[in-house]
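Results of the structural survey
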Amino acid sequence: MDTWTFRFDPADPADPADEGQREALCTLGNGYLATRGAVPECDADGTHYPGTYAAGCYNRLPDTVAGEAVENESLVNLPNWLPLTFRAGDGPWLGQPGAEILDEQHELDLRGGVLSRHLRVRDTAGRTTEVTQRRFVHMRDPHVCGLQVTLTPEDWSGTLTVRSGLDATVSNRGVQRYRGLSDRHLTLLDAGPLAADGVACTVETNQSHVRVALAARTRVFLGGRPVGVAGCGGRHAAEQEVTVRVSARRRITVDKLVTVYTSRDGAISEPSVEAREHLARLPSFGTLLDEHRLAWRQLWRRFRFSLRGPESPALPVVRLHLFHLLQSVSDHSVDADAGIPARGLHGEAYRGHVLWDELFVFPILNLRMPTLSRALLRYRHRRLPRARAAAAAAGRPGALYPWQSGSDGREESQRLHLNPLSGRWVPDVSRLQRHVGLAVAYNVWQYYQVTGDREFLGRYGAEMIIEIARYFAGLAEYDGTRDRYVIRGVMGPDEFHTGYPGTDRPGIDNNAYTNVLTVWVVLRALDVLDALGPDRRAELAETLRLDPAEPSRWEDISRRMYVPVRPDGIIDQFEGYGDLDELDWPAYRDRYGDIRRLDRILESEGGTPNRYQASKQADVLMLFYLLSADELGELLHRLGHTLPADAIPRNIEYYLARTAHGSTLSAVVHAWVLARNHRAEALQYFVEALDSDVADIQGGTTAEGIHLAAMAGSVDVLQRCFAGLETRDGALVLNPYWPRHLGALEFDIRYRGHRITLSISGDTVLVTAGAARLPPVRLCCRGEATELGPGESVQFPLKQ
């Protein structure tokens, strides 16, 4: 509707895929919990799927799959707090047969964090009622949710009954391919009335024994005054009904307030006690809504992005992406001991696990909420002992982080996965994506580059970087025939290639991305040791039992790591990649149309992508995404490689022709790497990244949860790619390649404590620092260097 509001007009009848997508995109949350945008009158029924998830609340269940015993840990679907319906007289309830929805519209207000719904309902007796709903998940008080329903009889008078409750019978059934597996995570401990106008329930996860308590209060108002008497009962104990007499065209309002607590929360005695007492203290719905909107206004000041120009269709989606990022992680995440789930708190895909997707999220948070970044990095630090244990179990030193992480940091990747095209359970070796540890180290270093937080580096970050470097140095084996170090039996970011054709040995050798970043991480480990004060360096070396020979070996690895570079400058994705068959891409596109999930197509044919030069997403090109041309050139030069001047564009062209884009992240990375030399193509991929969820380009996956990394990554394309913003070597570095026809871009960041505004047009970049008592920062733009002090502005001309 405008740059702050999205409107959804449901199909009639509702399409399950479209409704699931809308529910995910209309999710409301605050970083502590989130609730999908399901309508309050419907249970999970194949079209609608209510889901509420609390950050870090996992549970593990056993199963038998294809004759093999497995365990799956899942982010738990908590009791549904939404249920609220009504009926006129003794007619059908809204949501049941006989209650016909005449028209319906949903509106998502990004500025205020409010989801509204407008509809008209006619029952079998011809009685028509206008309904308006609005809800929030409170951004200031993380334990509070609210739903307000306004009912106006259009052409009838009589009795109207409202039914409101809490549904603890929910299960995890939000992903079709998981539905044959165990899904009952909750045991009901208690449910019943609470005072005169409330209900409460308490459940406990059946393996992790996390208690979850909800308390709800429902009040009906006529003319601003409470009316009706609540009666408990209904379909189950945690439900109440209120009957009132109404007149045509006279509006009544129903306010439902809910509190949610878990036994993972701090500063509480017991969840059910806290939920009930907190509910009793709550002010009115209107007061809470005002507080909630204020909290969102304050957030938007920190995350301000402005696009001014005749062609700025991207701005509403950019704001939508920031909105869902801030609902998945917020200030309330700081004390939650939770990571960044790949699909947000919006659904059950990946079972709510934490993968490498945080790599695409931290660049947005580092420059606006560094305290939150620090807390989320501590999620990884707390699981460092488990990562050390995993490395030791594999016979390696250091720390081996899991590809998928949940409650305690063990490897949560499934060992079998279902191909929905063939119906077969296929071995899954994705745990061989050891590069997730390199992403953790990269995130730690980038946070330090932005903030200069030496206390964090000394206390937490250095230990993680060093232990990750030790693992990869241990994984690297010296090959005397090459006089090089090699890394065997891993998977790269591509994910299609799980091994070599004709062999049962899992993994591939010398993945270029893994090997180059191994060089990067051992050099950062050396930098970290240099950055620490002598006392802390000595303490850490003593605590980690760091052998004096280890830094010397790191230095040697940084100069003799094997990277498969061809004479013409093409970097092979892994050793032997260039010897694989070429895929007949036109034939597969003609036969199947959408071939994003080429791996599933090939498996259903009895084949495998291991035979082909075909990638799911960027792999080699991830190097150009994470490292500047100068950084990558320096690393390869250390290894004795000098790439031709046209090597980067040639690599981009080579791999672009061999990529299926089976991940939403692929568009983000390709927009980035194409921006310097192929701006029109870059913009096409940028638009595709923006469309990842609003257009559900993966064909139904958005219903299972938004793609958080693609959302954050699309915003980062504006921030660090088109605007050319880097933080390295103690300076703020600008190298904009801004598309003129998009108008002017303006956004705020926080760097080394300074609030800095960047304004970029096709001709100039203006950098302004806010008032502060801080030392100036170094600022570089295309070869020009200066200092920027508090209250000062610097303008650079841009030559395109």
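So, a few notes on the structure that sits alongside this text. (Residues numbered from 1 in each chain as written. Predicted model: local features only at pLDDT ≥ 70, side-chain atom pairs only at ≥ 80, totals over all residues. Heavy atoms only, no water.)

Glancing now at the overall build of the protein. Summing up its helical and strand segments, the protein has 20 helices and 32 strands in all. Over its C-alpha trace the protein gives a radius of gyration of 27 Å, about what one expects of a compact globule, namely 28 Å for 800 residues. C-alpha atoms of the protein, sized along the principal axes, occupy 90 × 65 × 60 Å. Contacts in the protein between residues at least 24 apart in sequence constitute 68% of all its contacts with a sequence separation of at least 6. (Helix = DSSP H or I, 4+ residues; strand = E, 2+ residues; numbered from the N terminus. Rg over C-alpha atoms; globule rule 2.2 N^0.38 Å. Contact = heavy atoms within 4.5 Å.)

Right, let's get into the environment of His-324. Within the element layout of this structure, His-324 appears in helix α4 (residues 314-328). Using a relative accessible area of 0% as the deciding quantity, one classes His-324 as buried. When near neighbours in sequence (up to four residues on either side) are disregarded, His-324 contacts Ala-24, Leu-25, Thr-27, His-346, Ile-706, Leu-708 and Met-711. A distance of 2.9 Å separates a polar atom in the side chain of His-324 from the backbone oxygen of Leu-25. (Buried < 20%, exposed > 50% of the residue type's maximum accessible area, 1.4 Å probe, protein only. Polar contact = N/O pair within 3.5 Å; in protein donor to acceptor, adjacent residues only side chain to side chain.)

Across the 10 residues that make up helix α1 (residues 16-25), a large majority, 7, are buried. Along α1, the residues classified as buried are Glu-19, Gly-20, Gln-21, Arg-22, Glu-23, Ala-24 and Leu-25. Of the surrounding secondary structure, the elements contacted by the buried residues of α1 are β1 (5-8), β8 (100-109), α4, α19 (679-694) and α20 (708-722).

So, about the layout of surface pockets. Considered as a void within the structure, the second largest pocket measures approximately 1,200 Å³ in volume. The wall of the second largest pocket is formed by 49 residues, among which Leu-627, Ser-628, Glu-631, Glu-726 and Arg-728 lie closest to the centre. Looking at the lining of the second largest pocket, the element that brings in the most residues is helix α16 (residues 629-638), giving 7 residues. The residue inventory of the lining of the second largest pocket, partitioned by class, reads 26 nonpolar, 11 polar and 12 charged. (1 Å grid on protein atoms, 1.4 Å probe; cavity = no way out; pocket = protein on both sides within 12 Å on 5 of 7 lines; lining within 4 Å. Points joined across faces, edges and corners; volume = space filled by probe spheres on them. Nonpolar A, V, L, I, M, F, W, Y, C, P; charged D, E, K, R; others polar.)

Let's shift gears to the side chain of Arg-368. Secondary-structure assignment places Arg-368 in the loop between α5 (358-366) and α6 (370-382). Although Arg-368 is buried, it makes no salt bridge; Asp-716 carries the closest opposite charge, 6.8 Å away. Ignoring any residue separated from it by four or fewer positions in sequence, one finds Arg-368 in contact with Arg-302, Phe-303, Phe-305, Pro-363, Gln-719, Phe-747, Asp-748, Ile-749 and Arg-750. (Lys, Arg positive; Asp, Glu negative; His and termini not counted. Salt bridge = Lys/Arg side-chain N within 4 Å of Asp/Glu carboxyl O.)

Between a side-chain oxygen at the N-terminus of helix α13 (residues 585-592) and the backbone nitrogen of Ala-587 the separation is 3.2 Å; the capping residue is Asp-584. With its phi angle positive at about 75°, Gly-593 sits one or two positions after the end of α13.

Below, the discussion takes up the pattern of salt bridges. In this structure the tally under the stated criterion is 63 salt bridges. The shortest N-O distance in the salt bridge between Arg-388 and Glu-463 comes to 2.7 Å. Of the two residues, Arg-388 is situated in helix α7 (residues 384-393) and Glu-463 in helix α9 (residues 454-475); the sequence distance between them amounts to 75 residues. Take Arg-388: its relative accessible area is 24%, and that puts it in the partly exposed class. One salt-bridge network, held together by shared partners, links Arg-396, Glu-477, Asp-479, Arg-482, Arg-488 and Glu-575.

A separate point is the nonpolar core. Formed by 217 residues in total, the largest nonpolar core has its most connected members in Trp-356, Phe-360, Met-622 and Ile-756. No other element matches helix α10 (residues 512-531), which puts 14 residues into this core. Not counting residues within four places of it along the chain, the set of residues in contact with Trp-356 comprises Trp-403, His-435, Val-436, Ala-439, Pro-493, Tyr-513, Met-622 and Leu-665. Core analysis: the second largest hydrophobic core is formed by 15 residues, Ala-200, Leu-257, Leu-282 and Leu-288 among them. (Core = buried A, V, L, I, M, F, W, Y, C linked by side-chain atoms within 4.5 Å.)

Before going further, it helps to examine the sheet that holds strand β29 (residues 764-769). Taken together, 5 strands build an open sheet; the order of strands is β20-β27-β28-β29-β32 and the sheet is antiparallel. Of all strands in the sheet, those with a lone pairing partner are β20 (305-308) and β32 (793-797), marking the two edges. Averaged over all adjacent pairs, the angle separating strand axes in this sheet is 15°, with direction ignored. (Pairing = 2+ DSSP bridges. Axes fitted to C-alpha atoms, helices over the stretch in contact; angles between N-to-C directions.)

Our focus in this paragraph is the sheet that holds strand β3 (residues 33-35). If you walk across this open sheet you meet the 3 strands as β2-β3-β4, and the pairing is antiparallel. Each edge of the open sheet carries a strand with a single partner, namely β2 (28-29) and β4 (52-54). Direction of pairing for β2 relative to β3: antiparallel, over a ladder of 2 bridges. Each bridged residue has a counterpart across the sheet, and for Gly-29 the counterpart in β3 is Ala-34.

The subject of this paragraph is the side chain of Arg-22. Examined against the element boundaries, Arg-22 turns out to sit in helix α1. For Arg-22, the side chain forms a polar contact with the side chain of Glu-19, separated by 2.9 Å. Here Arg-22 is in contact with Phe-8, Gly-37, Ala-38, Val-39 and His-106, once residues within four sequence places are set aside.

A separate point is the packing of α6 against α9. Orientation of α6 relative to α9, taken along the N-to-C sense of each, is 40°, at an axis distance of 10 Å. Judged on the interaxial angle alone, α9 and α6 are oblique. Judged by the sense of rotation from one axis to the other, the crossing of α6 with α9 is left-handed. Within the contact between the two elements, α6 uses Arg-374, Leu-377, Arg-378, Arg-380 and His-381 and α9 uses Glu-455, Phe-456, Arg-459, Tyr-460, Glu-463 and Met-464. When the residues that make up the contact of α6 with α9 are grouped by side-chain class, the tally is 4 nonpolar, 1 polar and 6 charged. (Parallel < 35°, antiparallel > 145°, perpendicular 65-115°, else oblique. Left-handed = near helix turned anticlockwise from the far one by under 90°.)

Note that all results are geometric; they support no functional claim without further evidence.
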